[in-house]
Amino acid sequence: MCEENEILINEETENMRKIGILTGGGDCPGLNAVIRGVVEKCAEAGMEVFGFHNGWRGAMLAQGHWLTLSEVEGIQTMGGTIIGSSRTNVMKDPKGPETIIEVLRALDLEGVVAIGGDDTLGVANELRKRGINVIGVPKTIDNDLSCTDYTFGFETASNIAMEAIDRLQTTAKAHSRCIVVECMGRHTGWIALQAGLAANASLVLIPEFPKTFDEIVSLVRRRYLRGDHYTIIVVAEGFELKDGEEIDVGTDAFGNKLLIQKNLAKHLSDMIEAAMRNDPLLGNDAQYFECRPVVLGHVQRGGAPCAFDRVLGTRLGIKAGELVVNGAYGNMVGMAGNQIVATDLDRAVSIRKEVDKEFYDAASLYFK
Ligand code: F6P
């Protein structure tokens, strides 16, 4: 988390145009590349960039610092975010938007570049409706934002998950176990499917395509009876059994369920082990059947971004900087094919990008 700073107007640059920037929500490999792109592009046009600390919280409390070119030099190689992040929800405070307007005015900032997921960009869009200049940059390892083919961070997270599943394959085989691997993915199963398919998972469970417990255990049993005594099940944290009971967990400032508290992998793992041990078809061997849960958790978000995310973040940052310089506020930047494009923010935040049936059906060919 960034330190709190006393903010002073930069007297030397009093007559320059100025913009604020913040990173909100869960951190994501590639954030620093975006910050660098915005600062570089703005500096080229003689603009100053103020980095708010810890997302919207810094913008509410007027905490942050002026970003220099030397500070952002080479930071695309680093994970995390040099200006910190938080899940502060401006709209929860009735005076939130007004406070942001006052802070922008005090710092002589003409607007804010908000780098975030649906919550952070949702706030940006609400502020825009109240007359604040905003540019959105889509960010989430979950890859579930519309108007961009990919979000940076997703590729890095999927590779981390894939490498973990590769390793779990060998230990699962060695012990003839079923391992249930939980990936991040609050509403969608992009990481689980990408990593699971790449690492030869026996089954991938995602929120978009719920299954019954019976469908899951049937696959494990089928594998066992044909001699494959190990199974790797990859599950996205937002998955719910078609016939399961809802598990109660807490929520964050945006009302999102704290899914990690749900212990989904453990829950499924216990259920599968119990069902297999009591399966008469398995004969005497049934008593030895074992299942293990593995939660990949925040490891998926940590560390350095891969090349793709460094470059995507850089390109999005440069484009966001270009929009700022041109005063083209109210847009979100994104990737369409191999082009970096701008879309109206309102449109961008209105629909969630889910895994489509064609992709899931194709992957299902390997669920056996
Ligand atoms: O930012 C998205 C995400 O990584 C989700 O995949 C996950 O559910 C959530 O953040 C976890 O949030 P936190 O780090 O606040 O526990």
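All values reported here derive from a predicted model rather than from experimental measurement. (Residues numbered from 1 in each chain as written. Predicted model: local features only at pLDDT ≥ 70, side-chain atom pairs only at ≥ 80, totals over all residues. Heavy atoms only, no water.)

A.B. asks: Would you mind going over the overall build of the chain in detail, with residue names and values included?
C.D. replies: Secondary structure summary: the chain contains 12 helices and 11 strands in total. For 368 residues, the compact-globule estimate of 2.2 N^0.38 gives 21 Å, and the chain sits close to it at 23 Å. Along the longest, intermediate and shortest principal axes, the C-alpha atoms of the chain span 80 × 40 × 35 Å. Relative to its 368 residues, the chain shows a buried fraction of 54%. Taking contacts inside the chain between residues at least 6 apart in sequence as the whole, the part at least 24 apart equals 76%. For the chain, the accessible area works out to roughly 15,800 Å², and carbon and sulfur atoms hold 48% of it. Distance from the positive charge centre (37 side chains) to the negative charge centre (51 side chains) of the chain: 5 Å. (Helix = DSSP H or I, 4+ residues; strand = E, 2+ residues; numbered from the N terminus. Rg over C-alpha atoms; globule rule 2.2 N^0.38 Å. Buried < 20%, exposed > 50% of the residue type's maximum accessible area, 1.4 Å probe, protein only. Contact = heavy atoms within 4.5 Å. Areas by Shrake-Rupley, 256 points an atom, 1.4 Å probe, with all protein chains shown as cover. Lys, Arg positive; Asp, Glu negative; His and termini not counted. Charge placed at Lys NZ, Arg CZ, Asp CG, Glu CD.)

A.B. asks: Just give me the short version of the sheet that holds strand β8 (residues 231-236), but keep the residues and values in it.
C.D. replies: A sheet is described by the order of its strands in space; here 4 strands give the open sequence β7-β8-β6-β9, paired in parallel fashion. Each end of this open sheet is capped by a strand with a single partner; those strands are β7 (203-205) and β9 (290-295). Sheet twist, expressed as the mean angle between neighbouring strand axes with direction ignored, is 20°. Relative to β8, strand β6 (residues 177-183) runs parallel, the two sharing 6 bridges. Residue Val181 lies in a different strand from β8, and its bridge partner there is Val234. (Pairing = 2+ DSSP bridges. Axes fitted to C-alpha atoms, helices over the stretch in contact; angles between N-to-C directions.)

A.B. asks: Give a detailed account of the site of the ligand, specifying residues and quantitative values.
C.D. replies: Around the ligand sit Gly26, Arg87, Ile141, Asp142, Met184, Gly185, Arg186, Glu237, His298 and Arg301, and that is every residue in its neighbourhood. Within the side chain of Arg87, one N or O atom sits 2.8 Å away from an oxygen atom of the ligand. Measuring from an oxygen atom of the ligand, one finds a side-chain N or O atom of His298 at 2.8 Å. Burial of the ligand by the surrounding chains reaches 81%, relative to a free accessible area of 400 Å². Using a 2 Å cut-off from the grid points, one finds that the ligand occupies the largest pocket. Residue composition of the shell around the ligand, grouped by class: 2 nonpolar, 3 polar and 5 charged. Looking at which domains feed residues into the shell around the ligand, each of domain 1 (11-153 + 305-350) and domain 2 (156-300) supplies at least three. (Near = heavy atom within 4 Å. Polar contact = N/O pair within 3.5 Å; in protein donor to acceptor, adjacent residues only side chain to side chain. 1 Å grid on protein atoms, 1.4 Å probe; cavity = no way out; pocket = protein on both sides within 12 Å on 5 of 7 lines; lining within 4 Å. Sits in = over half its atoms within 2 Å of the grid points. Nonpolar A, V, L, I, M, F, W, Y, C, P; charged D, E, K, R; others polar. Domains from an automatic or database assignment.)

A.B. asks: Just give me the short version of the sheet that holds strand β10 (residues 331-336), but keep the residues and values in it.
C.D. replies: Strand order in this open sheet of 7 strands is β3-β2-β1-β4-β5-β10-β11, and the pairing throughout is mixed. Both outer strands of the open sheet, β3 (64-67) and β11 (339-344), are each paired with one neighbouring strand and no more. The sheet shows a mean angle of 25° between the axes of neighbouring strands, taken without regard to direction. Where strand β4 (residues 112-116) and strand β5 (residues 134-138) come together, 5 bridges link them in parallel fashion. Each bridged residue has a counterpart across the sheet, and for Val113 the counterpart in β5 is Ile135. The sheet strands contacting helix α10 (residues 307-325) are β1 (18-23), β4, β5, β10 and β11, and the helix crosses β10 at an angle near 140°.

A.B. asks: Give a description of the domain arrangement of the chain that names residues and reports values.
C.D. replies: Put simply, an interface is often sized by how much accessible area is lost when its parts join up. Taken domain by domain, the chain comprises domain 1 (11-153 + 305-350) and domain 2 (156-300). If you average the C-alpha positions of domain 1 and of domain 2, the two centres end up 35 Å apart. Tallying the contact residues gives 16 residues for domain 1 and 14 residues for domain 2. Roughly 1,300 Å² of surface becomes buried between domain 1 and domain 2 when both sides are summed, with 52% attributable to carbon and sulfur atoms. Area buried by domain 1 at its contact with domain 2 is led by Arg87, Ile141 and Asp142, which between them contribute 39% of it. Here domain 1 is connected to domain 2 by 8 residue pairs in polar contact (both at pLDDT 80 or more). Of the residues forming the side of domain 1 that touches domain 2, the biggest block, 3 residues, is contributed by helix α5 (residues 118-129). (Buried area = accessible area lost by both parts, 1.4 Å probe.)

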